[in-house]
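Geometric and topological summary
Read off the chains here:
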Amino acid sequence: MSEVKGNQVEYVKVPVDKLRSYFRPDTSMKQMTETLVKAMDFYNKHLERQRRDRDAR
């Protein structure tokens, strides 16, 4: 019963024209999505390192 169904998944919508300037013109939506997820993961790790360094002082 705890399965997430397709119509229950939340989405973030960002207009493509706001993202296109960061990607080559031939980049697919799938590639853009994967890159954005990786970038957010990298940024989250960066913030965690900053917090850890700040707390260590």
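Placed above this text is the structure.
Throughout what follows, the structure given in this document is the object of discussion.

Conventions adopted
Residues numbered from 1 in each chain as written. Predicted model: local features only at pLDDT ≥ 70, side-chain atom pairs only at ≥ 80, totals over all residues. Heavy atoms only, no water. Helix = DSSP H or I, 4+ residues; strand = E, 2+ residues; numbered from the N terminus. Rg over C-alpha atoms; globule rule 2.2 N^0.38 Å. Buried < 20%, exposed > 50% of the residue type's maximum accessible area, 1.4 Å probe, protein only. Areas by Shrake-Rupley, 256 points an atom, 1.4 Å probe, with all protein chains shown as cover. Lys, Arg positive; Asp, Glu negative; His and termini not counted. Charge placed at Lys NZ, Arg CZ, Asp CG, Glu CD.

1. Let's talk about the overall build of the chain
- When helices and strands are counted, the chain shows two helices and zero strands.
- For 57 residues, the compact-globule formula gives about 10 Å, and the C-alpha radius of gyration of the chain, at 16 Å, lies well above that figure.
- Once the C-alpha set of the chain is aligned to its principal axes, its extents read approximately 45 × 40 × 15 Å.
- Here the chain holds 57 residues, and 7% of them are scored as buried.
- Surface summary for the chain: the accessible area is close to 6000 Å², and the carbon and sulfur share equals 54%.
- Each charge class in the chain was averaged separately, 13 positive and 9 negative side chains, and the resulting centres sit 3 Å apart.

2. What about the environment of Glu 10?
- Along the polypeptide, Glu 10 turns up in the segment before helix 1 (16-19).
- Glu 10 sits in the exposed class, given a relative accessible area of 77%.
- Between the C-alpha atom of Glu 10 and that of Lys 30, which follows or precedes it by 20 residues, the distance is 17 Å.

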